[in-house]
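Working through the structure, step by step
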Amino acid sequence: MLELRNLHFAVDGDDGPEGGEKREIIRGINFTFEKGKFYAITGPNGSGKTTLAKLIMGINPASSGSILFDGQDITNLSITDRAKAGIAYSFQHPARFKGITFRELLNLATGIEEEEQLVSLLMRVGICPLDFLDKIVDAKLSGGEIKKIELATTIARNPKLAIYDEPDTGIDLWTIGPMVDLLKREQKNYGTTTIVVSHNKVFLEAADEILIINGGRIVFKGVLGEAMNLLNDMSICNFKSCCEGDDQNARCFR
Amino acid sequence: MLDALDKELLKAVADLEDIPKGAYNIRKNGKLLTRANSANISIDSNADGTGIVVAIAPGTVNESVHIPVILSQAGLYDVVYNSFLIGENADVTIVAGCGIHCGTESPEGHAGIHEFRVGRGARVKYVEKHYAAGKGSGKRSLNPTTKVFLEEGAQVEMELTQIGGVDEADRLNEATLEASSMLMIMERVLTEKGQTAISRNDIKLAGTDSRANMISRSVIKGDSKQNFYATIEALAKCFGHIECDAIIMDNGTNETIPALKAMHPDAELTHEASIGKIANEQLMKLMSLGLSYDDAVNRIIQGFLK
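Here's a quick rundown of the structure. (Residues numbered from 1 in each chain as written. Chains lettered and ligands numbered in written order. Predicted model: local features only at pLDDT ≥ 70, side-chain atom pairs only at ≥ 80, totals over all residues. Heavy atoms only, no water.)

**Some thoughts on the packing of helix α3 (residues 102-110) of chain A against helix α5 (residues 143-156) of chain A**
Residue and element names in this part refer to chain A. In plain terms, the rule: Axes here mean lines fitted to C-alpha atoms, for a helix over just the part in contact, with angles spanning 0 to 180 degrees between N-to-C directions. Comment: elements are numbered from the N terminus, with helices defined as DSSP H or I runs of at least four residues and strands as E runs of at least two. Here the word oblique covers every angle except those under 35 degrees (roughly parallel), over 145 (roughly antiparallel) and from 65 to 115 (roughly perpendicular). Each helix crossing is assigned a hand: it is left-handed if the near helix lies turned anticlockwise from the far helix by less than a right angle, otherwise right-handed if that turn is clockwise. Two residues qualify as a contact provided that any one of their heavy atoms is within 4.5 Å of a heavy atom in the partner residue.
Packing of α3 against α5 brings their axes to within 8 Å, and their N-to-C directions diverge by 25°. Our classification of the angle between α3 and α5 gives roughly parallel. Considering how the two elements wind past one another, α3 and α5 form a crossing that is right-handed. Residues F102, L105, L106, A109 and T110 of α3 form the contact with α5, whose own contacting residues are I149, A152, T153 and A156.

Quick look at the structure:
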């Protein structure tokens, strides 16, 4: 349902001697996400996970390559048009708004104004108490509260494809389990294709397929069991043979 | 008695569809149009005929008084001096505001000088809206002055709004707070095209445990310009806060200067000020909910000025 074809993304790097050198963040990603499946994207910090997620939503413009969604080339579509096509995005650090309430955000996300329908939407999401509805989505909210609101507005869109960037940032330990259950339930009940960018093992365990990104490339795709060795290897440096050495002179390939 | 134009202006500045209930004074083109008193609220012309005196009896609760001004006479600059005497322990809402309709090349303007004496323990909500419309090219100016004296334990909440159509505004707010009194000012100003707006605020926290909170939200579009100055001076153990945020768009310019003066060791004064474009992350979020770029901008501004 979502196909990435030789996708590249580069930004202006530090000025080199020649000036204006490009720095590639995503270096040729090819992958097809299948309808209704749950994917977890993981990898070291700075590997390009969030950049890839933002390329799919159109927040970052692709430098080259293409993105196909349900057979349609969306590479040059705006964020708005991708949202209308059925993609929803949950930001790692959600925006805060002076003077806009959660109710109004839900209303913008869904067009629903009736109290009853809004309440049943919150019941479906489950992790937001009803008294959140009239809270202003501003800097006064805690990190956990705003993440719950972010998640709710994403689910409220009834997306075909939902992308969650680090959904557990700021969320208390007791809510992470219910949050995973919620995303799985959405996948099951509504056939939502789900992509979660996360380091948290509970999301990796929930996924049907894991993608490990490193240095802007997919270095692994498959099930968690097979990914564990690689993930363990990435978590700490222990001078593996792949680094061509076993002492302080080893070359680092990360 | 009210024509369609009057009604439109009244609706814009005072949310009135028609003549209100209770006490009111409607001024049109520099003259009294209609007035009514209630059992507890009396409105009289002042001694020199330059404005009105609104007297609210002590203990008056849950009453409101409307004193809108409407202007549609070419070339008129209307100056009015109004006094409000609010009795002890009263709890009232005062709705003021000025609407200008400019149909010609001649300028039109209004300067409302309002002085409030708020008695011990009284609570006042003051709502003032400024609005101008009309196809004429004449300059529309609104230059209000508001002076507030809060006696011990009094509470005043002021909502001052100027949204659209006013070419030139120069506002002065002054307040002196006695012990345990509280003042909350919320000012919202939107300017566009070549409009200018200046807001000067001087708040003196004179009494122990007095509190003041001044919030300003500005949206500056087109080639317009807004300057915001606020000073809180603390003469006692007290609490004061200034929060001023400005969103600049197009070629808009803004100068924001909050100032805090502590003349007492137990004064607690804070301020936060920000000037900038609409944050990208806000636009991205609303666009990811399906709004176009322009709709996202409008929605953010609408919330900001709410």
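Having seen it, we continue.
**Some details on α3 of chain A**
Owing to its 3.6 residues per turn, the α-helix aligns residues three or four sequence positions apart on the same side. All names here are of chain A. Here is the rule we go by: For every residue, the accessible area (1.4 Å probe, protein chains only) is compared with the maximum for its type, and the residue is labelled buried under 20%, exposed over 50%, or partly exposed between those bounds. As used here, the arc belongs to the directions running from the helix axis to the C-beta atoms.
Looking at α3, one finds that the buried residues are F102, L105, L106 and A109. With its buried residues spanning 100° around the axis, α3 presents them on a single face. Following α3 by one or two positions, G111 has its phi on the positive side, about 80°.

**Comments concerning the pairing of strand β9 (residues 209-214) of chain A**
Looking along a regular strand, one sees side chains alternate from face to face of the sheet. Residue and element names in this part refer to chain A. For clarity, the cut-off: At least two DSSP bridges between two strands are needed for those strands to be called paired.
Counting buried positions along β9 gives six out of six residues, so the element sits mostly inside the fold. Burial of β9 is two-sided: the residues E209, L211 and I213 facing one way and the residues I210, I212 and N214 facing the other way are all buried. The sheet contact formed by strand β3 (residues 38-42) and β9 spans four bridges and is parallel. Residue Y39 lies in a different strand from β9, and its bridge partner there is E209. Here five bridges tie β9 to strand β10 (residues 217-222), and the two strands are oriented antiparallel to one another. Across the sheet, the residue bridging to I212 is F220, located in β10. The antiparallel pairing of β9 with β10 creates a hairpin that spans two residues between the two strands, and G215 there sits at a positive phi of about 60°.

**Some words on unusual backbone geometry**
Residue and element names in this part refer to chain B. The backbone phi angle of N29 is positive, close to 50°, even though this residue is not glycine. Mapped onto the elements, N29 comes out in the loop between β1 (23-28) and β2 (31-36). Overall, N29 belongs to the buried group, its relative accessible area being 15%. The phi dihedral of N89 falls on the positive side, at around 60°, and the residue is not glycine. On the secondary structure map, N89 appears in the loop between β7 (77-86) and β8 (91-101).

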